[in-house]
Amino acid sequence: LFYLTKSVARKGEWNANKSNYNYYNHNHYEESTSIIIMFDAEGRLEQQRNVGLMVAVPIFLLINALFAYVGGRMMSKLEHKSSEDVLTAHYLGGRSFGPIVSMGTMFASVFSGFAVIGVPDSSYTGGWITFIWVVSSQFITTVYSGIAPRLRKASIVRNHQSPADFVTDMFQSQFLRYTVIISQFISQFIWMTSNVLSIKMAFNGAFKLPTDSPWLAVGVVSLIVVSEWVGGLSAVALTDTVQGAIMILGSIAVACVIKVHYGGWTALDPETFYRPEFYQTPSRQQQWYWWQIAFLSGSMVFYPIFLQRIYAARDLKSIKAAGWALFIGPWLAMFCGVFVGTMGVQMIGDACQSSSNPAECRNPASPFTTILGILMSIGGFPEAAAIIFYCSALAAIMSTVDSVLISMSQIVTSDILYPLRPKSTPRQIAWMGRAVSVVIAALTLVLALSWKGSIILLFELGLPISMQTVPAFIFGLYSKHRIHPWSIAIPAATMMVATVIMLALWKDMTIHPGVFTFLLNILATIVFEVSRLVWTGKWREMWTAVRAQSKEEEEVTKMMTTAADEEEEDLSSQDPFPDRPQWDKPKVKRFGETSLSPKLLDEMMKGVNEPIRDYSYMMFVILAFTITTPIVAELRPSIMDGVFVELPPVVRGLPAWFFKAMIITFIINFVNIPVIVSIPDEFPYNEEELLRSGIDADAVELEPDEKGGRTGYDEPNQKAIVRRQSIREETRRIKKANADAKKAFEEARANHLSATEAATNLTLLVKSPSKRNSVVEKDVDGFDENLVVKVEKEGESV
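Predicted model, so just to flag it, every value in this text is computed and none were measured.

**Student:** Looking at this structure, I do not really get the overall build of the protein chain. What am I missing?
**Tutor:** Per the secondary structure count, the protein chain includes 33 helices and 6 strands. Long-range contacts, defined here as pairs at least 24 residues apart, represent 84% of the contacts in the protein chain between residues at least 6 apart. Working note: accessible area of the protein chain is about 35700 Å², and carbon and sulfur atoms make up 62% of it.

What follows is the structure, given as structure tokens:
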């Protein structure tokens, strides 16, 4: 790409009236390139109509339509020739996504229009501090790779399909279930709105449309709705894979063009840089936010689009491939965005030198489109790279919008409408889901086209709200004790409201509202649960056992065993918390005959290495991401009248604090490798242990024909029930045979003369010191005489 950029780049040739244009030369590379720029009446850079872009975008949309059609054919085939029901085929693609499709759809869905458009725009206005989003994406990789195998195992054993199924199955509470559903829907709706807003902000100018024109956004969203209508998640995943490839190509191509034509970061000089404040160290608030946003972003893993892709993967290899996509993605998408945005300051600043109003010129409404407009003015390969980057931006937006749209449709359809019409067939519910998608798309367009704020503001609004659902998943996945659902639901619902109020009223807070409310959420959950245990008397038994530990060890052991037996009995029942109003109990017969408990979940994961459960590893990860934070004296060096009081420390054109943070982040990135590699290619199967002790029937994975064939909302899975009953019977036979063998062994040993005599001698040796000599003499009798002499000589040493 470097070679092509150097050789193909040409000087602009314009046939229009030269009096309408201004020229400037830049000499960052070997040859001066003359770029022709046009300004509007107010002295701002004016986006020119580009024929190549007019051709490329329709071709790109046509390719997407083609793959949507292929996805539709795949879904139709799943409906007629596989064991999956129509609803699963529509929303989970028949659980058939292999490694390539899983990697492509994960990359394209997560690194959205925010990554391709929002990050360059934010870097242009905020500087290198925007690198925080690269750091936060690495923590997303950590959380995803850690929880994905456990969620995957629960889904293939309990037939989880919708994003709220795990919480519903584990806690069996309507209150908590709807709290999670509302949080997921609101956060996803905000994320989708931010991406639709990106279409209007980034592409209206490129197509010479008025800034507030809705038609391009309406057209793109309509195409997405039709694509989902035809092919469901299969169409979404296939188009995502194509869009992800275009995103990677566009990001790398534009970064290389800017490096060749403008010299890259190494060509920047803080004394001539148009925004010298970018070279100052971050403020105290920015440093706090750097650390907080990194961990706040981990909540994205519990977004429905992540859960859908975990459930839709064909196997664990596909989930691992998606983990590698998250591992590499930030450096291909967001890092290039930071580079383009910060270099855009110099590019737009140079271009605005001839403007009648340079200050206004250097503050464009969309830095992203202005930067690409400058590159297209060069012509040749830079123009082609800019066009590809335009298409990659559209690809990023479309991939996220279609993924979020179908996930929200599944939330409303499977978790709200289906319970209201439990006798409906999966095909009827799937058609209802299509109608829901149309309604959601229309509501999103209304909000996006009327929004006057920034994309970053919308994106940061969704994260704190989704953060409040994290305790439900974390406690459900890893707690040894099943917490009462109301102990989680009450703090979560309260903190969701508190988050919105804090974001609206409290400005310039040192601690991020999402982090603050999340910590309060965790604390309140613990307080509520401990209070419940104290109130019911269960905590008193545990506390008594702890206090008595040093005095009455045997009694403590007995009490703890009794408590454990009671807990196990609670966990194995279908309703773990029966003393609740009837309205709080959802229908869960479709998941299995018994309740999903922490003990059962651990039984499912037996033999799987899970680094995220290792406290030392997680402390190391938190420490690793913490040291990426640039902890420095704020706003140094000072600037007076636009000039540095003293020159800032610079490394290869970059502020030293950013260069250090970038290198540390790159190194720390590799702490994710162990957790990704730990994901097995398949869940372990220990045949020897199976034959020795049998298996818990409720932990056995469902067969393909047992996952599909759903005929109603909460119909019991009869095929699975029959097979698991047979497994229980065979396991009982194995346990009975083992018990009989043990009993026979004990009887044989008790009747064996040598064993009886040895037991008597052991009693004398241990409990009767006065009779030990007779035992020793008896044992020595018959040994070699020289050995007896040797023993007698060595005496006490022996």
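**Student:** For this particular structure, what's the right way to read the nonpolar core?
**Tutor:** Nonpolar side chains tend toward joint burial in soluble globular proteins. Counting residues in each nonpolar core, the largest one holds 184 residues, and the members touching the most others are Trp-128, Tyr-144, Phe-166, Trp-265, Phe-306 and Leu-375. Tallying contributions element by element places helix H16 (residues 380–420) first for this core, with 20 residues. Those residues within four positions of Phe-306 in sequence are excluded, and the remaining contacts are Met-106, Val-110, Ile-140, Tyr-144, Met-300, Val-301 and Leu-326.

**Student:** Mind showing me how you'd approach the pattern of salt bridges here?
**Tutor:** Should their charged atoms come close, side chains of opposite charge can pair. Summed over all chains, the structure comprises 22 salt bridges. Between Arg-590 and Asp-714 there is a salt bridge, with the nearest N and O atoms lying 3.1 Å from each other. Of this pair, Arg-590 sits in the loop between helix H23 (553–572) and helix H24 (598–604) while Asp-714 sits in the loop between helix H29 (704–707) and helix H30 (718–751); the two residues are 124 residues apart in sequence, bridging distant segments of the chain. Close ionic contact of Arg-733 with Glu-730 constitutes a salt bridge, the shortest N to O distance being 3.2 Å. A residue pair is termed a helical-turn pair when its members lie 3 or 4 positions apart in one helix, as Arg-733 and Glu-730 do in helix H30 at 3 residues. Among the residues examined, Arg-733 registers a relative accessible area of 57% and is labelled exposed. Here the salt bridges share partners, and the residues they tie into one network are Arg-150, Lys-480, Asp-602, Glu-610 and Arg-613.

**Student:** I keep staring at helix H26 (residues 656–668) and nothing clicks. Help me out?
**Tutor:** What sets the pattern is the α-helix's 3.6 residues per turn: residues three or four places apart point alike. For H26, spanning 13 residues, the distance from its first C-alpha to its last is 18 Å, which sits close to the expected 18 Å at 1.5 Å a residue. Along H26, the positions that sit buried rather than exposed are Trp-657, Phe-658, Ala-661, Met-662, Thr-665 and Ile-668. Projected down its long axis, H26 carries its buried residues within an arc of 135 degrees, all on one side. Residues of H26 that are exposed and point over 90 degrees away from its buried face: Lys-660 and Ile-667.

**Student:** Please explain unusual backbone geometry as it appears in this structure.
**Tutor:** In terms of backbone geometry, most residues other than glycine have negative phi values and most peptide bonds are trans. Residue Pro-637 is reached from Arg-636 by a cis peptide bond, and omega for that bond is -5 degrees. Inspection of the secondary structure assignment puts Pro-637 in the loop between helix H25 (615–626) and strand S3 (639–640). Backbone geometry at Gln-172 places phi at a positive 50 degrees, although glycine is not the residue there. Structurally, Gln-172 is set in the loop between helix H7 (165–171) and helix H8 (174–203). In this structure, Leu-635 is a non-glycine residue whose phi angle is positive, near 50 degrees. Looking at where Leu-635 falls in the secondary structure, it is placed in the loop between H25 and S3.

**Student:** Mind showing me how you'd approach the state of the cysteines here?
**Tutor:** What is meant by a disulfide is a covalent connection between two cysteines, made through their sulfur atoms. The tally for this structure, following the rule as stated, stands at 1 disulfide. A sulfur-sulfur distance of 1.9 Å marks the disulfide that ties Cys-352 to Cys-361. Its torsion about the S-S bond being -70 degrees, the disulfide of Cys-352 and Cys-361 is classed as left-handed. Judged by relative accessible area, which is 0%, Cys-352 ranks as buried. Given the relative accessible area of 2%, Cys-361 is considered buried.

**Student:** Honestly, the packing of helix H9 (residues 215–262) against helix H15 (residues 367–378) in this entry has me stumped. Any pointers?
**Tutor:** Working note: a packed helix pair is described by the angle between its axes plus the distance between those axes. Closest axis-to-axis distance for the H9/H15 pair is 12 Å, and the angle between their directions is 65 degrees. Here H15 runs roughly perpendicular to H9, going by the angle between their axes. Handedness of the H9/H15 crossing: left-handed. Across the interface between the two elements, Val-254, Val-257, Ile-258, His-261 and Tyr-262 from H9 touch Leu-372, Ile-374, Leu-375 and Ile-378 from H15.

**Student:** What exactly am I supposed to notice about helix H20 (residues 485–505) here?
**Tutor:** If you check H20, its first and last C-alpha atoms are 30 Å apart, about what 21 residues at 1.5 Å a residue would give, namely 30 Å. For H20, the complete set of buried residues consists of Pro-485, Ser-487, Ile-488, Ala-489, Pro-491, Ala-492, Met-495, Met-496, Thr-499 and Met-502.

**Student:** What am I meant to see in the side chain of Arg-434 here?
**Tutor:** Mapped onto the secondary structure, Arg-434 falls in helix H17 (residues 426–450). Ignoring sequence-local partners within four residues, the contact set of Arg-434 consists of Met-75, His-90 and Trp-229.

**Student:** Looking at this structure, I do not really get the packing of aromatic side chains. What am I missing?
**Tutor:** How two aromatic rings sit relative to each other is given by the distance of their centres and the angle of their planes. Inspection of the entire model under this criterion finds 32 aromatic pairs. Judged by centre distance (6.4 Å) and plane angle (80 degrees), the rings of Trp-128 and Phe-278 are edge-to-face. Within this pair, whereas Trp-128 is found in the loop between helix H5 (113–126) and helix H6 (132–158), its partner Phe-278 is found in the loop between H9 and helix H10 (284–296), the two being separated by 150 residues in sequence. In this pair, the class of Trp-128 matches that of Phe-278, namely buried. Ring centres 5.3 Å apart and planes at 55 degrees place the aromatic pair Trp-191 and Tyr-303 in the tilted group.

Definitions and cut-offs
- Residues numbered from 1 in each chain as written.
- Predicted model: local features only at pLDDT ≥ 70, side-chain atom pairs only at ≥ 80, totals over all residues.
- Heavy atoms only, no water.
- Helix = DSSP H or I, 4+ residues; strand = E, 2+ residues; numbered from the N terminus.
- Contact = heavy atoms within 4.5 Å.
- Areas by Shrake-Rupley, 256 points an atom, 1.4 Å probe, with all protein chains shown as cover.
- Core = buried A, V, L, I, M, F, W, Y, C linked by side-chain atoms within 4.5 Å.
- Buried < 20%, exposed > 50% of the residue type's maximum accessible area, 1.4 Å probe, protein only.
- Salt bridge = Lys/Arg side-chain N within 4 Å of Asp/Glu carboxyl O.
- Expected span 1.5 Å × (residues − 1).
- Arc of directions from axis to C-beta.
- Disulfide = S-S within 2.5 Å.
- Axes fitted to C-alpha atoms, helices over the stretch in contact; angles between N-to-C directions.
- Parallel < 35°, antiparallel > 145°, perpendicular 65-115°, else oblique.
- Left-handed = near helix turned anticlockwise from the far one by under 90°.
- Phe/Tyr/Trp six-rings, centres within 6.5 Å; stacked < 30°, edge-to-face > 60°.

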